[in-house]
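# Structural overview
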Amino acid sequence: MSTTTDPAPTPKARRRNGFLDLLGGRESAVAVLAAITGFYYLLVAITNCTDTETNRRGVAAVLSMEQTIHNPGTDWRAIGNGTVALVAYICIVGWEFLIAFVLLAAAIVWARALFGRAAVAGTAAKLSSLGWTMAVLLFAGGFLTVGGEWFRMWANDDVNASSAALQNFLIAAVGLILVHLPRSGEHSDIE
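Being a predicted model, the structure only gives us computed values, none of them experimental. (Residues numbered from 1 in each chain as written. Predicted model: local features only at pLDDT ≥ 70, side-chain atom pairs only at ≥ 80, totals over all residues. Heavy atoms only, no water.)

## Quick look at the overall build of the chain
Helix and strand counts for the chain come out as 7 helices and 0 strands. When the elements of the chain are put in sequence order from the N terminus, they spell out α-α-α-α-α-α-α. Across the 191 residues that make up the chain, the buried fraction comes to 38%. Partitioning the intrachain contacts of the chain with sequence separation of at least 6 by distance along the chain shows that 76% fall at a separation of at least 24. Counting only carbon and sulfur atoms, one obtains 66% of the accessible surface of the chain, whose full area is about 11200 Å². (Helix = DSSP H or I, 4+ residues; strand = E, 2+ residues; numbered from the N terminus. Buried < 20%, exposed > 50% of the residue type's maximum accessible area, 1.4 Å probe, protein only. Contact = heavy atoms within 4.5 Å. Areas by Shrake-Rupley, 256 points an atom, 1.4 Å probe, with all protein chains shown as cover.)

## Quick notes on the packing of aromatic side chains
A complete count under the given rule lists 5 aromatic pairs for this structure. When the ring of Tyr41 is compared with that of Phe139, the centres are 5.9 Å apart and the planes differ by 25°; the resulting orientation is stacked. Taken as a pair, Tyr41 in helix H2 (residues 26-50) and Phe139 in helix H6 (residues 121-150) lie far apart in primary sequence, 98 residues in all. Since its relative accessible area comes to 1%, Tyr41 is described here as buried. An angle of 20° between the planes, with centres 5.3 Å apart, marks the rings of Phe139 and Phe143 as stacked. Residue Phe139 and its partner Phe143 are both found in helix H6; the two are separated by 4 residues, about one turn of the helix. Across the pair, Phe143 and Phe139 agree in class, each one buried. Connected via pairs of aromatic rings, a cluster forms that spans Tyr40, Tyr41, Phe139 and Phe143. Stacked on the ring of Trp150, the Lys or Arg Arg77 has its end atom at 4.2 Å from the ring centre. (Phe/Tyr/Trp six-rings, centres within 6.5 Å; stacked < 30°, edge-to-face > 60°. Lys NZ or Arg CZ within 6 Å of the ring centre and 35° of its normal.)

## Re helix H7 (residues 162-180)
Every α-helix winds through 3.6 residues per turn, so residues three or four apart in the chain are directed the same way. The end-to-end C-alpha separation of H7 is 27 Å, in line with the 27 Å expected for 19 residues at 1.5 Å each. For H7, every residue scored as buried is listed here: Ser162, Ala165, Asn168, Ala172, Ala173, Gly175, Leu176 and Val179. Down the axis of H7, the smallest arc covering the buried residues is 160°, so these residues share one side. Projecting away from the buried face of H7 at angles above 90 degrees are the exposed residues Ser163 and Ile177. (Expected span 1.5 Å × (residues − 1). Arc of directions from axis to C-beta.)

## As for the nonpolar core
Among the nonpolar cores identified, the biggest contains 41 residues, and Tyr41, Ile99, Trp110, Trp132 and Phe139 are the most heavily contacted of them. Breaking this core down by element, the ones donating at least two residues are H2, helix H3 (52-64), helix H5 (82-114), H6 and H7. Broken down by element, this core gets its largest block of residues, 13 residues, from H5. Tyr41 has contacts with Glu96, Ile99, Ala100, Leu103, Ala135, Phe139 and Asn168, leaving out every residue within four places of it along the chain. (Core = buried A, V, L, I, M, F, W, Y, C linked by side-chain atoms within 4.5 Å.)

## A look at the environment of Glu149
Positionally, Glu149 belongs in helix H6. Taking C-alpha positions, Glu149 is 9.9 Å from Ser162, a pair spaced 13 residues apart along the chain. Apart from the residues lying within four places of it in its own chain, the contact partners of Glu149 are Arg77, Leu144 and Trp154.

## Regarding the packing of H3 against H5
For the pair H3 and H5, interaxial distance at closest approach is 9 Å and the crossing angle is 120°. With respect to their mutual orientation, H3 and H5 come out oblique. Considering how the two elements wind past one another, H3 and H5 form a crossing that is right-handed. Between H3 and H5, the contacting residues are Thr52, Asn55, Arg56, Val59, Ala60 and Leu63 on the first element and Val84, Ala85, Leu86, Ala88, Tyr89 and Ile92 on the second. Here the contact of H3 with H5 is built from residues that sort into 9 nonpolar, 2 polar and 1 charged. (Axes fitted to C-alpha atoms, helices over the stretch in contact; angles between N-to-C directions. Parallel < 35°, antiparallel > 145°, perpendicular 65-115°, else oblique. Left-handed = near helix turned anticlockwise from the far one by under 90°. Nonpolar A, V, L, I, M, F, W, Y, C, P; charged D, E, K, R; others polar.)

Okay, here's the thing in structure tokens:
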């Protein structure tokens, strides 16, 4: 019984498949998402520095709980001190800058990995994971949990960033899922 084998791919077919593997692979998708989200957080942080009054007032309004449903069982949580609100705002903006820098660094390292430096793919994956974990901490931990539930931001008609926080959490979650997916037949890049 004879077996037939596929003919060896031509050099042109190998180049085409290599190009498709490069641009159509999981690593390139993670690199693009890291670059886009890093740039997004950089813009958010810069905007928070150039329009400090708008978002600083929003943080103060959430912490003061003035525009929420009032109940003695939860009103004790309110923080009306303007200095505390300013410090919280500065911490949020600083954290956003850190997220941006980590994700942009990840995108640069991914580009190096995609264009010939495969040895740095593990570093790129770890930086991506760190950046998106930082985003999860800020938006799921800080905005949704602390701001949304502890300070009842969800009940504040004037300042409710819950949907924006959920959007940011979901994007970071997708990034984390992608970066932790193993290649077919391999373990995850991050060990």
